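Take a look at the letters that make up each chain.
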Amino acid sequence: MSDLAPYKILFVDDERGLVETCARHLRKLGYHCLPAYGIDEAIALARAEAPNLVITDLNFPERDGYDLAAYVRAELPRTPVILITAHHSSVSEAAAAQAGFSAYLRKPFSLTELSQIIEKVVGT
């Protein structure tokens, strides 16, 4: 999908293997993927690159995905944020929506599921 090349997706997780796999997949789909491994790095990238979509894990050592969602809501209000998490019991879809996440994806997920949730959120 070459028409999606300028569409920037910031993908944030502290699991390097997951970030690298998802970044490769998103690039194959024609997206420009901005990988980040922590919230501070993600905020710096968001500030510099103004992504069209943010996909973030919830738990990080320094801060959490709620901090990133709050930053995006304040500074990039048109940018949707998708939450990915393995902590199903501590976060419901309703709580994620109330916190400003546009969608919620449970780990482990397939690359097909990732593509589907992106399509659902951005309408591509």
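All residue numbers refer to positions counted from 1 along the written sequence of the respective chain. Only residues with pLDDT of at least 70 are given local features in this predicted model, and only at 80 or more are side-chain atom pairs given and counted; all residues enter the totals for whole chains, interfaces and linings. Excluding hydrogens and water, the side-chain values take into account all heavy atoms of the structure.

Examining the environment of Leu-105
Alright, step 1. Here a helix means four or more residues in a row that DSSP labels H or I, a strand means two or more in a row labelled E, and each is numbered from the N terminus. Mapping Leu-105 onto the fold places it in strand β5 (residues 103–106).
Alright, step 2. For the pair Leu-105 and Val-121, spaced 16 residues apart in sequence, the C-alpha separation works out to 12 Å.
Alright, step 3. Among residues more than four places away in sequence, those in contact with Leu-105 are Leu-83, Ile-84, Thr-85, Glu-113, Leu-114 and Ile-117. Contacts are assigned to residue pairs that have any heavy atoms within 4.5 Å of one another.

Thoughts on the side chain of Asp-13
Alright, step 1. Inspection of the secondary structure puts Asp-13 in the loop between β1 (8–12) and α1 (16–28).
Alright, step 2. Residue exposure (1.4 Å probe, protein chains only): buried if accessible area is under 20% of the type maximum, exposed if over 50%, otherwise partly exposed. Overall, Asp-13 belongs to the buried group, its relative accessible area being 0%.
Alright, step 3. Here the side chain of Asp-13 touches Lys-107 through a polar contact of 2.7 Å, side chain to side chain.
Alright, step 4. With residues up to four places along the chain from it excluded, the contact list for Asp-13 reads Leu-18, Val-19, Ala-36, Tyr-37, Asp-57, Phe-60, Ile-84 and Lys-107. Any pair of nitrogen or oxygen atoms within 3.5 Å is treated as a polar contact; in protein, a donor-acceptor pairing is required on top of that, and neighbouring residues in sequence qualify only through side-chain atoms on both sides.

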